[in-house]
Amino acid sequence: MNAIKTRKRIILAFGIICLAFIAMTFRVGWVQVVRGDDYQKRATRYQTRDIPIPAKRGGIYDRNGKELAISALTYSLFVTPGMVQDPGADGSDLRLTSTVQILADVLGREEAELREAVLNNTRRFRLAKYLTKNQADALKQAGIAGLDLQEDVKRYYPMGAFASHVLGNVTDDNRGIVGIEQRYNLVLSGTPGRWIKNTDVLGNSLSYGVEKYYEPENAMVKTQSKRGYAIVMETKTGEILAMAANPEYDPNSARIPLDPEAAAYVETLSNEEKMKYWNAMWRHPMVSDTFEPGSTFKLLTEAMALEEGLSYPEEPFYCSGSANVAGVTLKCWRHYNPHGAETLTEAVGNSCNPVFIELSRRIGYDRFLRYLELFGIIGKTGIDFPGEGSSIIQSREAAGPVGLATMSYGQGIAVTPINLITAVSAFGNEGRIMQPRLVKALIDNRGKTVEEFRPQIVRQVVSRQTAGEVAYAMEAYVEAGHSGVQIPGYRVGAKTGTANKAIPGGYSTDTDSSAIAIAPMGDPRVTVLVVMDSPKGIQYGSGTASPAVKEILENTLRYLNIKPDPIPEETGNGAA
């Protein structure tokens, strides 16, 4: 009886085992055959990491090939906490301690800080970025499981704060946020590479995995002014040879002001206040901000009158020290000692307000506005730079006769510096307005020119004759000794301007002082504009901005190897 029971149990057990084996065989077949493709895709998806490798951002160079912004290869360090930890029964962790000691030595950081970072994370995280090749090699040689190095790119500006407002800066992930870096971000960024690797569930490389690497593809002290800025433009092409503003900032540390006191102040701000401060610091006043140009604007008013046949260079005028406009007395800057009899050309040199008030009366608001459009004062120049500002022009109703009169001599109207220098350069270019441009060409990483930007004529704003007559007035202004920009051997044309700064409800005692010059007048090559914001002491443009214009012109003419103007031969009866 017992033998029969035993046999039945054996048969039952064998049957169960057979059924289990059949079920397992069916399940394996289901997984490997029926659902094989699906599970294979899942495994590939879970075990494969497609890590983007940032492209090496293209460089920015000056026209002579000097590096202004470059990118260097660096490394980011990732840590998988579970792989660098092995707690013992007594709570100690010799593996973590050893790892932290090595990391502290290589990274130059505190062990306690590194240990806390590992313990506070449960998944793979980035512990450090911008590691040098030597640091990366040292970590590779240490052979610590759970540490992964990934190539990264860091932006460097070799010349520090030089031309910072023009170049701009980038975010931590190398995306341009202001300046040329932003305007040409797509060109400079290139195409990111990829690092495809097989990993386990924690993100660590599998010893049997396959890796494939795809290379990335590649782009004020003398005047005590609050700010000072300058532009140097090639007169006949519109190309910007130089453009700078002060105070500067260092794009290598774009969020830290150069002034220690300012840097300390920024640290006290909220995140929202910091962002406002940084945007104001990065903002380029030469392109984005407006100012009242004062007497430099008289050149445009003169050109309007000449072009319309409403005056001529030798027309006689008389300055009594003031002019009455719609019952309002507008004074000449030298009302205490009136200029008296003068020609139009002399009035430009004397910077005589009453003469330009009379010209504005002849021109009228409609024609005045039309010429502002032609000169590009209304609207934007279209310079290849982000954040270009717009001029502020009074409407006919707001201006009235008085507003039109003050605009004629550069007050009650606000322009951007790039607007002004583009317009005035036309007088050295036979009356043609050019498209201003910062970037001359785009070049790939093999040195091949991808795109070259040719000089572009926007329009003929005034005739060649009118442009020549205004240029003559500018040169006469310098020869009379009014400008402060005389350069021995060179014929220079210039105009200075001073205007009180507008504030709510009127004007302050602070001024914007400016000077603009073209040289050499025999064959105009460069135009220079300097603007000083709220200078102390001497406030006239001839005493504040002119010295800077003269120095910039002298250096630029020498740098470009522009020879002095030929000395005219003297003629006479002679002697026997």
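Residues numbered from 1 in each chain as written. Predicted model: local features only at pLDDT ≥ 70, side-chain atom pairs only at ≥ 80, totals over all residues. Heavy atoms only, no water.

Caption draft 1: Fine view of unusual backbone geometry. Going from N246 to P247, the amide bond is cis rather than trans, its omega being 10°. In this chain, A519 is followed by P520 through a cis amide linkage whose omega measures -20°. Here P520 is to be found in the loop between β19 (506–519) and β20 (526–533). For E430, which is not a glycine, the phi torsion comes out positive at approximately 55°. Note on placement: E430 falls in the loop between α16 (417–425) and β14 (432–434). Residues other than glycine seldom take positive phi values, yet N561 does so here, at roughly 55°. (Helix = DSSP H or I, 4+ residues; strand = E, 2+ residues; numbered from the N terminus.)

Caption draft 2: Broad picture of the sheet that holds strand β18 (residues 493–503). As summarised here, the arrangement of the five strands in space is β9-β8-β20-β19-β18, forming an open sheet in which the pairing is antiparallel. Looking along the sheet, the strands with just one partner apiece sit at the ends: β9 (240–246) and β18. Each adjacent strand pair in this sheet contributes to an overall mean axis angle of 10°, direction not counted. Bridge analysis of β18 against β19 gives ten bridges, and the strand direction is antiparallel. Across the sheet, residue G493 finds its bridge partner in β19, namely I518. Packed on one face of the sheet, α16 meets β8 (227–234), β9, β19 and β20 and runs near 35° to β8. (Pairing = 2+ DSSP bridges. Axes fitted to C-alpha atoms, helices over the stretch in contact; angles between N-to-C directions. Contact = heavy atoms within 4.5 Å.)

Caption draft 3: Structural detail: the pattern of salt bridges. Within this structure, the stated rule accounts for 18 salt bridges. The shortest N-O distance in the salt bridge between R396 and D366 comes to 2.2 Å. Taken together, the residues R396 in helix α15 (residues 396–408) and D366 in helix α14 (residues 353–374) connect sequence positions 30 residues apart. The salt bridge involving E430 is made with R464; its shortest N-O contact spans 3.4 Å. On the criterion of sequence distance, the pair formed by E430 in the loop between α16 and β14 and R464 in helix α17 (residues 464–479) is long-range, its members being 34 residues apart. Overall, the relative accessible area of 33% leaves E430 in the partly exposed class. Residue classification places R464 among the exposed residues on the basis of a relative accessible area of 59%. By sharing partners, the salt bridges in this structure join E315, E358, R361 and R362 into a single network. (Salt bridge = Lys/Arg side-chain N within 4 Å of Asp/Glu carboxyl O. Buried < 20%, exposed > 50% of the residue type's maximum accessible area, 1.4 Å probe, protein only.)

Caption draft 4: The side chain of S425, seen in detail. Position of S425 relative to the elements: it lies in helix α16. We classify S425 as buried; its relative accessible area is 3%. Every residue in contact with S425, bar those within four places of it in the chain, is listed here: M233, T235, I518 and T527.

Caption draft 5: Spotlight on the environment of D250. Locating D250 in the fold gives a position in the loop between β9 and α9 (260–266). The spatial distance from the C-alpha of D250 to the C-alpha of W282 is 9.9 Å, given a sequence separation of 32 residues.

Caption draft 6: Main features of the nonpolar core. The biggest cluster of nonpolar side chains holds 75 residues, and the ones touching the most others in it are L300, F375, V424 and F427. In terms of residue count, α14 provides more of this core than any other element does, eight residues in total. Apart from the residues within four sequence positions on either side, F375 is in contact with L300, A303, A423, F427, I433, V461 and V462. Ranked by size, the runner-up nonpolar core spans 21 residues in total, among them V84, A104, V118 and L147. (Core = buried A, V, L, I, M, F, W, Y, C linked by side-chain atoms within 4.5 Å.)

Caption draft 7: The environment of P285, seen in detail. Looking at the element boundaries, P285 is found in helix α11 (residues 285–288). Residue P285 is classed as buried on the basis of its relative accessible area of 4%. Considered as a pair, P285 and R227 are 58 residues apart in the sequence and their alpha carbons are 9.4 Å apart. Discounting residues that sit within four places of it in the chain, P285 has contacts with H165, R227, Y229, A245 and P417.

Caption draft 8: Fine view of helix α12 (residues 298–307). Buried residues dominate α12, accounting for nine of its ten residues. Along α12, the residues that are buried comprise K298, L299, L300, T301, E302, A303, M304, A305 and L306. Buried residues along α12 sit against α13 (344–350), α14, α15, α16, α17 and β18. Phi turns positive one or two residues past the end of α12, at G309, with a value near 70°.

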